[in-house]
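Listed here are the chains, written in short residue letters.
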Amino acid sequence: MAEKFTRWDVVDYLATEEDMALYLDACLDEDPGDGSLVRAALNDIARARGMSQLARDTGLTREGLYKALSATGNPEFSTMLKVIKALKIKLHAAPATPAKARKGSRKKAAGELAAA
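Residues numbered from 1 in each chain as written. Predicted model: local features only at pLDDT ≥ 70, side-chain atom pairs only at ≥ 80, totals over all residues. Heavy atoms only, no water.

(A) Up close: the side chain of Asn-43. Looking at where Asn-43 falls in the secondary structure, it is placed in helix α2 (residues 36-49). On the accessibility criterion, Asn-43 (17% relative accessible area) is buried. (Helix = DSSP H or I, 4+ residues; strand = E, 2+ residues; numbered from the N terminus. Buried < 20%, exposed > 50% of the residue type's maximum accessible area, 1.4 Å probe, protein only.)

(B) Quick peek at the environment of Met-51. One can find Met-51 in helix α3 (residues 51-58). Owing to a relative accessible area of 5%, Met-51 belongs among the buried residues under this scheme. With 14 residues separating them along the chain, Met-51 and Leu-65 place their C-alpha atoms 7.7 Å apart. With residues up to four places along the chain from it excluded, the contact list for Met-51 reads Asn-43, Ala-46, Arg-62, Leu-65 and Tyr-66. (Contact = heavy atoms within 4.5 Å.)

(C) Quick look at the pattern of salt bridges. For the coordinates displayed, the defined rule picks out 4 salt bridges. Residues Asp-9 and Arg-47 are paired through a salt bridge, measuring 3.2 Å at the closest nitrogen-oxygen approach. With Asp-9 in the segment before α1 (17-30) and Arg-47 in helix α2, this pair connects stretches of sequence that are 38 residues apart. Taking relative accessible area as the criterion, Arg-47 reaches 33% and is therefore assigned partly exposed. Note that Arg-47 is salt-bridged to Asp-44, the shortest N-O span being 3.0 Å. With Arg-47 and Asp-44 both in helix α2, this residue pair falls 3 residues apart, about one helical turn. Asp-44 gets classed as buried once you look at its relative accessible area, which sits at 12%. Look at the salt bridges and you will find they share partners, linking Asp-9, Asp-44 and Arg-47 into a network. (Salt bridge = Lys/Arg side-chain N within 4 Å of Asp/Glu carboxyl O.)

(D) Region of the structure containing unusual backbone geometry. At Lys-88, a position not held by glycine, the phi torsion is positive, near 60°. Within the secondary structure, Lys-88 sits in the loop between α5 (77-86) and α6 (103-115).

(E) The arrangement of α5 in detail. The set of residues buried in α5 consists of Thr-79, Met-80, Val-83, Ile-84 and Ala-86. Along α5, the residues classed as buried sweep out an arc of 165° about the axis, all on the same side. In α5, those exposed residues whose orientation departs by more than 90 degrees from the buried face are Phe-77 and Lys-85. At its buried positions, α5 is contacted by α2, α3 and α4 (62-68). Among the residues trailing α5, Lys-88 stands out with phi positive, at a value near 60°. (Arc of directions from axis to C-beta.)

(F) Local environment of the nonpolar core. Judged by nonpolar contacts, the single largest core of 21 residues is most densely connected at Leu-24, Leu-42, Ile-45, Leu-54 and Leu-87. Among the secondary structure elements, those contributing two or more residues to this core are α1, α2, α3 and α5. (Core = buried A, V, L, I, M, F, W, Y, C linked by side-chain atoms within 4.5 Å.)

Structural data, given as structure tokens:
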């Protein structure tokens, strides 16, 4: 009996807003620095949500979104922000490496605890 295979698509597994946010977060961490993985993730999330609705929410055309989020697309940062906002996803910034505690800030924190 021959085995049957189906094409795996991440869109089938992006069921909740949390799934979508975690997926984008992972892609932000793994992006090689050219934005290709982030763009692909936004394309996947947009397809999971519905490209037509996203086009209405962003004020962009559906065709324009497909082009901008395609593998050969080169969207402006403002377009990426419109898409992220319309998808109701928040981006947060954090230092890439943990900050070292300053000598003065440690003493100040201890003094504030004693005063409380």
